[in-house]
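Below, each chain spelled out in residue letters.
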Amino acid sequence: MKYVECVLPETEGRFHYHLPTNVLHKKLEPGMRLLVPFARTWKVAYFIRDITTPDVPKTRAVLAFLDQDSLFCAKFFKLLIWISEYYMTPLGAVLKGALPQGIHVVPHRKFSLCDEGKTQTTSKLSDLKKEILNTLQQKKICTEQQLRKKFGREKLSRTLYDLKKKGLISETWECNPAPVRPKIRHIITLKIDEKEASAQIGTLQKTAPRQAEALQQLISQGGILASTDFAPKTRAALKSLIQKNLVRQSESLVFRKPEQDRNYPKKGKIVLNPAQTSALKEMTEAIALKTFSPFLLHGVTGSGKTEVYLHAIEALLKTGKGAILLLPEIGLTTHIAARFLEYFGDQVALLHSGLSAGERYDEWRRIREGQAKIVIGARSAIFAPLKSLGIIIVDEEHDASYRQDEGSRYHGRDVALVRARDEKAVVVLGSATPSFESSFNAENGKYRYLQLKERVDARPLPIVKLVNLKEKKDWVRPFFTQKLYDALKIRLEKKEQTLLFVNRRGFSPFLLCHDCGFTPLCHHCTVSLTFHKGLKQLVCHYCGYQSAPTTTCPDCKGYNVTHVGVGTEQIEECIRHLFPKARTARLDRDTTQKKGAYGQILGAMAREEVDVLIGTQMIAKGHDFPKVTLVGVIAADLSLHVPDFRSAERTFQILAQVAGRAGRGKHPGEVIVQSFQIENPTIQAATTHDYTDFYQTELGLRKAQHYPPYSRLALLLLRHKDETSVEKAASELARCIKKTIKSGEIKMLGPAPASLIRLREEYRYQILLKGADQQKISKVLKIALKIWRTSAEKNVKLNIEIDPQQFV
């Protein structure tokens, strides 16, 4: 008997099966999908390896093979195993997450009545069993999903099992085909010559004018045309023309291509300056060596990093290899993709969640089949199936968005480094404000350091001015000072553009009763509700809960309830009131929910159809608008006091990045930073654009507290709807960890309630492990978790975050 080891996307662990005797010769490759029985259901599993001896006395047979070949090459499969082991995340979830959504098949059960079920008296059956039998009597066949929708999930699986065991119902299984398949286009071709076709048109005009019209359209297009390109009224006539043997119909596979803003301004080929040329030279020399070479490209905002990327990829393509360009935000793909498509055309493919399932599947196929050699996308683009990879570029490498915190957990930047190492490729980490970890690695020789100290064409960095928000006499409207008003007025008169940055969406962060202090809270989370004026609702930004705002306090019945704080909606309303003729747009999660909205707003800004763009961090990074000469930061200290040791670093980064949007064209830029804490060292550092000084100062604090880059971290987050249960489970896990730690190399902090203790109706407790060696931390965790899980509180969920980026 031949045994195999598999993993499932939904379940931790590895499972052993045997192959049916009629397919013992079947050669399986790692990553191939199989259909297997699991408990009382069927599941899609991924083949890992052949084994000689299973770890269970009795194995079940594999039911079907879903792939002819593996969807992963050997090097890529090795990378996915590394992700699973390093981040301590189930391998099945990693494998599934590396594939486009539309490719997944879904097995499901169908139920029908047996003969005995049709005649059985139901007096001794439970009410639920009676109702199920009655439903099957009426509908003949029902899927499990249909029954679940009608009767609910609770007890259904057990009830169906009992009915099947009694012989009252039968069960069959089916696999739904993948929801997204290759798109087929029907091509109509003329079978007769043009002269004979013209004669046929004359005959058909009297008896079948629509057929004549279709023939005429086909001739005008050279005798070949897609069926969808015919005039709608003539398409029905095509069938008759095929039957008369006048035309033939064939099928052609087509790729669904993502829509691009064709009106995005074109730049043409740009000649690099000496600093860019020097950086490019080092990259191209590394490409020629075909060895793993990591670079940190530290370039000030506007220094032309994108042009260096473009020229490096141009050099790489001559070697026949492919490239991946990772971006932190989907919105950045709009202008970056436009630039690369202008330069490389159809060799570029896009991969990100903003595409439809069909578009994403077809872009994935184009990459896999070698039709696209350049992949641009967000963090998941690191899984692009390029067969020969030469370079990976991680733009804005410092950005926390590269961290995936749901499903299979990983950091896109770090996975890029490991993939480049495995495939002997070059990796470039680019940023104007590198993460401390990357700068530290460059200092210690792990990365080669490249620097672009000046903007292109020797343009100056913008002048940054601080405005004290404590001086409320200077407010024109809430959170909008006279200095910002005057600067914006000048830009509008000069027909220049302005960005206004406030890193909170909605109208105001919360409502407050000034008589008793009441604030409306989410019913499912321990957070205040944000007021959205457009929706006329109070909204939880974590779980989506909504409630109607009130003008009276529900606690003290007072009327002194007001909006507190500022959001993008409020600033938009403020600008429309102060400057009614200004063309204003807003870019945040609320305005970009529709497909293509990102590109439409940014495209309008690039075409100078917008005077003032208000937005969250979506506007802060990567954008290049030459006409933007003013950036206003509405409240610079919003992120300073987040309970996270990186809060100062992130505040500096976001301020430096958004300031860098100003003065990138012919006219110099100005940045007005409003803050309640203008004396804060982080805000002061951002005004001077001095990354190095800020980095050295902050690094000393990190070293004293033994935080990254001087240590490695692992965060354990436990969740349960009952606080007592999760607190007890966290305490027990901490006890197991403490017992496992044998030396002082690893320190444990906690357990303690998370700063956001309740989220989506679940209470949350945290344990933080800190040590110099991540492997030792993982080893301790594996031993402690094995002990803990034998007695763990039932239904307590555990998330393991290796190298965590968020602590809320």
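Owing to the predicted nature of the structure, the values given are computational and were not obtained by experimental measurement. (Residues numbered from 1 in each chain as written. Predicted model: local features only at pLDDT ≥ 70, side-chain atom pairs only at ≥ 80, totals over all residues. Heavy atoms only, no water.)

### What to know about the overall build of the protein chain
Thinking step 1. The number of helices and strands found in the protein chain is 23 helices and 38 strands.
Thinking step 2. Computed over C-alpha atoms, the radius of gyration of the protein chain comes to 31 Å, within 12% of the 28 Å expected from 2.2 N^0.38 for 808 residues, which places it in the range of a compact globule.
Thinking step 3. Counting only C-alpha atoms and orienting by the principal axes, one finds that the protein chain spans roughly 85 × 85 × 70 Å.
Thinking step 4. Per-residue burial for the protein chain yields a buried fraction of 53% across its 808 residues.
Thinking step 5. Sequence separation of 24 or more characterises 75% of the internal contacts of the protein chain that already satisfy a separation of 6 or more. (Helix = DSSP H or I, 4+ residues; strand = E, 2+ residues; numbered from the N terminus. Rg over C-alpha atoms; globule rule 2.2 N^0.38 Å. Buried < 20%, exposed > 50% of the residue type's maximum accessible area, 1.4 Å probe, protein only. Contact = heavy atoms within 4.5 Å.)

### Comments concerning the side chain of Gln211
Thinking step 1. You can see Gln211 is positioned in helix 8 (residues 209-220).
Thinking step 2. What Gln211 contacts, discounting residues up to four positions off in sequence, is Leu204, Ala237, Ser240, Leu241 and Lys244.

### Section: the packing of aromatic side chains
Think of a pair of aromatic rings as described by two things: how far the centres are apart, and how the planes are tilted against each other in angle.
Thinking step 1. Evaluation of the coordinates by the stated rule reveals 23 aromatic pairs.
Thinking step 2. Taking 6.0 Å as the distance between ring centres and 40 degrees as the angle between the ring planes, the aromatic pair formed by Phe72 and Phe76 counts as tilted. There is no split in this pair, since Phe72 and Phe76 are both buried.
Thinking step 3. On the basis of an interplanar angle of 20 degrees and a centroid distance of 6.3 Å, the ring pair of Tyr361 and Trp364 is categorised as stacked. Separated by 3 residues within a single helix, Tyr361 and Trp364 lie in helix 13 (residues 357-368), roughly one turn from each other. Exposure class is identical for Tyr361 and Trp364. Each is buried.
Thinking step 4. Each residue in the set Phe72, Phe76, Phe77, Phe383 and Tyr410 is aromatic and connected to the rest through ring pairs, giving one cluster.
Thinking step 5. One residue, Lys26, lies across the ring of Phe65, its end atom 5.4 Å from the ring centre.
Thinking step 6. Just above the ring of Tyr707 sits the side chain of Lys770; from NZ or CZ to the centre is 3.9 Å. (Phe/Tyr/Trp six-rings, centres within 6.5 Å; stacked < 30°, edge-to-face > 60°. Lys NZ or Arg CZ within 6 Å of the ring centre and 35° of its normal.)

### A look at the sheet that holds strand 21 (residues 448-452)
Adjacent strands of a sheet form backbone hydrogen bonds with each other and so pair up, either parallel or antiparallel.
Thinking step 1. The strand order across the open sheet built from 7 strands is 15-16-14-17-20-13-21, with neighbouring strands paired in parallel fashion. Each edge of the open sheet carries a strand with a single partner, namely strand 15 (348-351) and strand 21. Sheet twist, expressed as the average angle between the axes of neighbouring strands with direction ignored, equals 20 degrees.
Thinking step 2. Pairing of strand 15 with strand 16 (residues 374-377) involves 4 bridges; the strand directions are parallel. By the bridge assignment, Leu351 is partnered in strand 16 with Gly377.
Thinking step 3. On the sheet, helix 13 packs against strand 15 and strand 16 and is oriented at approximately 135 degrees with respect to strand 15.
Thinking step 4. Along the sheet face, helix 14 (residues 412-422) touches strand 13 (293-299), strand 14 (322-326), strand 17 (389-395) and strand 20 (426-431) and points at about 160 degrees away from the line of strand 17. (Pairing = 2+ DSSP bridges. Axes fitted to C-alpha atoms, helices over the stretch in contact; angles between N-to-C directions.)

### Comments concerning the sheet that holds strand 1 (residues 3-8)
Thinking step 1. Read across the open sheet, the 6 strands follow the order 5-2-1-4-3-6; overall the sheet is mixed. Of all the strands in the sheet, the pair left with one neighbour each is strand 5 (60-61) and strand 6 (64-65).

### Structural notes on the nonpolar core
Thinking step 1. Leu718, Ile737 and Leu781 are the most contacted members of the largest nonpolar core, which has 76 residues in total.
Thinking step 2. Aside from chain neighbours lying at most four places away, what touches Leu718 is Val726, Ala729, Ala730, Leu733, Tyr763, Arg764, Tyr765, Ile767, Trp788, Val796, Lys797 and Leu798.
Thinking step 3. Among the nonpolar cores identified, the runner-up in size contains 41 residues, and Ile601, Ala606, Met618 and Leu640 belong to it. (Core = buried A, V, L, I, M, F, W, Y, C linked by side-chain atoms within 4.5 Å.)

### Concerning unusual backbone geometry
Thinking step 1. Between Pro708 and Pro709 the backbone carries a cis peptide bond, its omega angle lying at 15 degrees.
Thinking step 2. Tracing the backbone shows Pro709 in the loop between helix 21 (691-705) and strand 35 (712-720).
Thinking step 3. Omega for the bond connecting Gly750 with Pro751 falls within 30 degrees of zero, at 10 degrees, which places this linkage in the cis form.
Thinking step 4. Structurally, Pro751 is set in strand 36 (residues 746-759).
Thinking step 5. Unusually for a residue other than glycine, Lys290 sits at a positive phi of about 55 degrees.
Thinking step 6. Look at Lys557: it is not a glycine, yet its phi comes out positive at around 65 degrees.
Thinking step 7. Topologically, Lys557 is positioned in the loop between strand 29 (546-547) and strand 30 (561-564).
Thinking step 8. Classification of Lys557 by relative accessible area gives exposed; the value is 57%.

### Structural notes on the environment of Thr284
Thinking step 1. Along the polypeptide, Thr284 turns up in helix 10 (residues 274-289).
Thinking step 2. The spatial distance from the C-alpha of Thr284 to the C-alpha of Glu801 is 36 Å, given a sequence separation of 517 residues.
Thinking step 3. Within polar-contact distance, the side chain of Thr284 engages the backbone oxygen of Lys281 at 3.0 Å. (Polar contact = N/O pair within 3.5 Å; in protein donor to acceptor, adjacent residues only side chain to side chain.)

### Points about helix 15 (residues 436-443)
Thinking step 1. By the criterion of burial, helix 15 is predominantly enclosed, with 7 of the 8 residues buried.
Thinking step 2. In this fold, the buried residues of helix 15 make contact with strand 13, helix 14, strand 20, strand 21, helix 19 (647-659) and helix 21.

### Points about helix 11 (residues 305-317)
Thinking step 1. Given a rise of 1.5 Å per residue, 13 residues ought to cover 18 Å, and the 19 Å separating the end C-alpha atoms of helix 11 matches this to within 8%.
Thinking step 2. Of all 13 residues in helix 11, 10 are buried; the element is thus mostly enclosed. (Expected span 1.5 Å × (residues − 1).)

### Let's talk about the confidence of the model for the protein chain
When pLDDT is low, close inspection of the predicted coordinates is not appropriate.
Thinking step 1. Of the residues in the protein chain, 99% reach a pLDDT of 70 or more, and the chain-wide mean stands at 91.
Thinking step 2. Model confidence for the protein chain, summarised as mean pLDDT per element, is weakest for helix 3 (residues 115-119) at 79 and strongest for strand 20 at 98. (pLDDT = per-residue confidence, 0-100.)

### Looking at the environment of Leu715
Thinking step 1. Topologically, Leu715 is positioned in strand 35.
Thinking step 2. Sequence separation between Leu715 and Ile800 is 85 residues, and the spatial gap between their C-alpha atoms is 6.0 Å.
Thinking step 3. If near-sequence neighbours (up to four positions away) are discounted, Leu715 is found in contact with Gln766, Ile767, Leu768, Asn799, Ile800, Glu801, Pro804, Gln806 and Phe807.

### A short note on the state of the cysteines
Thinking step 1. Under the criterion given, the structure shown has 0 disulfides.
Thinking step 2. Note on Cys556: no disulfide assigned, nearest cysteine sulfur contributed by Cys513 at a separation of 3.6 Å.
Thinking step 3. The partly exposed category is assigned to Cys556, whose relative accessible area is 33%. (Disulfide = S-S within 2.5 Å.)

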